[in-house]
Amino acid sequence: MTVTTPLIGAPIDRIEGAEKVRGAALYAAEHPVDRPVYVFPLQSRIALGRITGIDATEAMAEQGVVDVLTHENAPRLASTQDAELAILQSPEVAFRGQFIGGVLAESAEAARRAANLVRLSYEPREHDVSFHAARADLVKPDEVNGGFQTDTTDGDVDDALASAAVLLDATYTTPQEHNNPLEPHATIAIWSDNELTLYDSTQGVHWVRDSIAALFGMDPQRIHVVCPHTGGGFGSKGLPHAHVVLAAMAAQLVAPRPAKLVLTRQQMFSVVGYRTGTIQRIRMGSDASGRLTAISHDVVEQTSRIKEFAEQTAVPTRLMYAAPNRRTTHRLVELDVPVPSWMRAPGEAPGMFGLEVAMDEMAIACGLDPVEFRIRNEPETDPETGRPFSSRNLVACLREGAQRFGWAERDPAPRAHRDGPWLVGTGVAASTYPVFSMPGSRATIQARPDGRYRVLIGAADIGTGAWTSLTQIAADALGVEMSEVVLSIGDTDLPYASGAGGSTGILCWGSAIVDAARRLRAELPSSSPIPDEGVEVTGAIPDNPYAGQMSMHSFGAQFAEVRVHTSTGEVRVPRLLGIFAVGRMINAKTGRSQLIGGMTMGLSMALHEHSVVDHRFGHVVNHDFAGYHIPVNADIGSIEADWIDEHDPYVNPMGAKGIGELGIVGTAAAIANAGHHATGIRVRDLPITLDRFL
Ligand code: MOS
């Protein structure tokens, strides 16, 4: 039972890795089911209005077609409160691409072919998909995503700006971007005896269960959601979207046969959420010595008219720097568009682009090095709440990163470094992400007479390594080898678990497992033998007594080298370095992958991603990988992620902070800042395409 090397922090290989490589790990659409009916969604071709006629004669005549589901024959939902999920309940259309029906057939091909044969007529109304900040109809939401205040004010910003020695007033924009996990969203739904089983690609089986239960008016206990593996989600699989509802409705019609629905890449651009575009006006004032006196961050962003989503873009600005006068605001433009949702570091990713480019501009205006400027404006306590930070090591990350990146040799003058036809520059930006916690997670541990420990929790592995790190946490807490722990996750038959969202997964599930292990050790001292029937205990995520008293965040420093071609404007990023402060790292291997994955997505945000809306029709034109660009291997040079030693006993029993989202935060700003250093051209609008430098 004695373990010599510390398990926590060790670079353990994924325990399910071989299964995945062999193709034996089952993803949602791959679960073997008997005689499934395939569902292909019907999508609205207008952006606003109503359906006036449906002619399914031709579609029904196609070989293999079982049924055509529309608002005329769809099951009635118990709750229509959530207008994104309450599909097929009326002829009304709220955005282009909305699910308005589905074709059910014996094969996926037949369903898809017949979907083109359903004749729909519409009565369109004039739609509005025009996102800009000068609109007269901006809406102030009651709160922004995450339950944060919409607006905050401290001190007198206008007064401080008016008397500032150095002043910045600039507007930054980030475009609409779409979540594109490798595995498309997929659901198999089966109704039998008034029970619903869902094999669903999700970030949280219990969250799916509870939200589908409310929609269909069912006891959650009668819904069984299964998802042992998820091929990425980036937030778009955090909560169920319309396809889950359509699959469940189809299954109701063909019960007891299963209904299977796999979204196409193009369909994902209409119904699974996306990152709203943002327009951010930032004003900063400082004194002559480069100490910030005022920061104002005013954000306008887009939401759908049928369901509000308010990205918390300016929230990180509330705590980053020590300006005595601060103001943040969020306003929404309500449009006839699909419903925005979470996309990796919602809020922080776009907001820290604006803030950290502004910090670079301000440093230059003050005549200070951008690393030094940030250090000079480091707050002692959380500027927003006055609470102490449970740990804050931004300065240590900046110093360590600067040293490893070779920052000291940098000539601060823009356009100073040329290598043949390439202008070369370097840039820096800060990262941050909150240490959130979600309520409710529980874990059961069964000690078995064969010496093994079964650990049961309905957690999710979205490709991040949760199977492995939860096994590490359990083995460490029990004081046994990993081989003695048998983990079960991804099933609502297991104890309740919150979802993999807000970088909370390992923190919440791990805390419940540590609590269960503690209870087990109390009940079963290591000297006593395990009885024949075994021993079972259940633990829960404990209340954190420090939660309301301390400000809990991870931090990091991102460094980028950018090359811009003098004739073509082509932008290359040969080098990224991120140094992070994330408390205790659970698994050095999967953790590093999370961070460099985030940084890669940040590079993607910087240079590539942009969902382009056709205002005439209201849809995203580049709705596949032909037109929606993400980096390939050739676009990525050296990416290094590392972390400093950080001891934080306040955040949770493991002393760990979330790492899923931090890596994307700040990357785009570091690249934009390096682009300015290379060329002298300041790009304030993402993505940074080559035309910006010509
Ligand atoms: Mo994350 S965008 O909270 O799944």
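The numbering scheme is per chain: residues are counted from 1 as the chain's sequence reads. A pLDDT threshold of at least 70 governs which residues receive local features in this predicted model, and a stricter bar of 80 or more applies before side-chain atom pairs are shown or counted, although totals over entire chains, interfaces and linings include all residues.

Under an unreviewed UniProt entry, the name given to the protein chain is Xanthine dehydrogenase YagR molybdenum-binding subunit, and the organism recorded is Saccharopolyspora spinosa.

Here's the deal with the nonpolar core
Residues Val39, Val103, Leu104, Ala250, Ala474, Ile513 and Ile671 are the most contacted members of the largest nonpolar core, which totals 213 residues. Apart from residues lying up to four places away in sequence, Ile513 is in contact with Ala443, Val455, Ile457, Leu470, Ile473, Ala474, Ala477 and Gly539. Here, a nonpolar core means buried Ala, Val, Leu, Ile, Met, Phe, Trp, Tyr and Cys residues linked by C-beta atoms lying within 7 Å of one another. Comment: burial labels come from other C-beta atoms within 10 Å of the residue's own C-beta, placed from the backbone, where a count of 20 or more is buried, 12 or fewer is exposed, and between is partly exposed. We call two residues in contact when the distance between their C-beta atoms, placed using the backbone, is within 7 Å.

Details of the sheet that holds strand β13 (residues 223-226)
An order of β3-β5-β1-β14-β11-β12-β13 is seen for the 7 strands of this open sheet, with the pairing classed as mixed. A strand with exactly one partner marks an edge of an open sheet, and here the two such strands are β3 (65-70) and β13. Sheet twist, expressed as the mean angle between neighbouring strand axes with direction ignored, is 20°. Any two strands with at least two DSSP bridges between them are considered paired. Helix and strand labels come from DSSP, where a helix needs a run of H or I of at least four residues and a strand needs a run of E of at least two; each type is numbered from the N terminus. Alignment of strand β1 (residues 37-43) against strand β5 (residues 99-105), held across 6 bridges, turns out to be antiparallel. Helix axes are fitted only over the stretch in contact, all axes being lines through C-alpha atoms; the angle between N-to-C directions runs from 0 to 180 degrees.

Concerning the packing of helix α5 (residues 205-216) against helix α6 (residues 242-254)
Each pair of packed helices gets described by two things: the angle between the helix axes and the distance between those axes. Axis separation between α5 and α6 bottoms out at 11 Å; the angle between their running directions is 60°. Compared by their axis directions, α5 and α6 come out oblique. Considering only the axes of α5 and α6, their crossing is right-handed. When α5 is examined against α6, the residues Val208, Ile212, Leu215 and Phe216 are found in contact with a partner set consisting of Val244, Val245 and Ala248. A breakdown of the residues in the contact of α5 with α6 according to their chemical character gives 7 nonpolar, no polar and no charged. Oblique is the label for any angle not under 35 degrees, not over 145, and not in the 65 to 115 range, which are roughly parallel, roughly antiparallel and roughly perpendicular in turn. Note on convention: near helix rotated counterclockwise from far helix by under a right angle means a left-handed crossing. Clockwise means right-handed. Under this grouping Gly is polar, as are all residues other than the nonpolar Ala, Val, Leu, Ile, Met, Phe, Trp, Tyr, Cys and Pro and the charged Asp, Glu, Lys and Arg.

What about the UniProt feature "domain: Aldehyde oxidase/xanthine dehydrogenase a/b hammerhead" (unreviewed entry) in the protein chain?
UniProt records the feature "domain: Aldehyde oxidase/xanthine dehydrogenase a/b hammerhead" (unreviewed entry) for residues 22-126 in the present numbering. Overall, residues 22-126 shows 12% helix and 33% strand. The separation of its end C-alpha atoms is 52 Å. UniProt positions are given in the numbering used here, feature names are shortened, and annotations may be inferred rather than shown by experiment.

Section: the environment of Pro379
With respect to the element layout, Pro379 can be found in the loop between α10 (370-376) and α11 (394-405). The class for Pro379 is partly exposed, based on 18 C-beta atoms found within 10 Å. With 134 residues separating them in the primary sequence, Pro379 and Val245 have C-alpha atoms 47 Å apart. Those residues within four positions of Pro379 in sequence are excluded, and the remaining contacts are Tyr321 and Ala322.

Notes on the environment of Ser431
By the element assignment, Ser431 lies in strand β19 (residues 422-434). We classify Ser431 as buried; it has 35 C-beta atoms within 10 Å. Once the C-alpha coordinates of Ser431 and Thr667 are considered, the two residues, 236 residues apart in sequence, prove to be 7.9 Å apart.

Side note on the sheet that holds strand β24 (residues 553-565)
Taken together, the 5 strands give an open sheet; going across it, the order is β18-β19-β24-β25-β28, and neighbouring strands pair in mixed fashion. Sheet topology places β18 (418-419) and β28 (638-643) at the edges, where each strand pairs with a single neighbour. Where helix α15 (residues 667-679) meets the sheet, it contacts β19, β24 and β25 (571-581), and its direction lies at approximately 155° from that of β19.

Notes on the domain arrangement of the protein chain
One frequent convention defines the size of an interface as the accessible area lost when the parts assemble. Annotation comment: domain bounds sourced from an automatic or database domain assignment. Its domain assignment divides the protein chain into domain 1 (28-46 + 48-126 + 180-271), domain 2 (143-177 + 274-435 + 549-693) and domain 3 (438-540). Every contact between the two is made by 18 residues of domain 1 and, on the other side, 22 residues of domain 2. Among the residues forming the side of domain 1 that touches domain 2, the class breakdown is 7 nonpolar, 7 polar and 4 charged.

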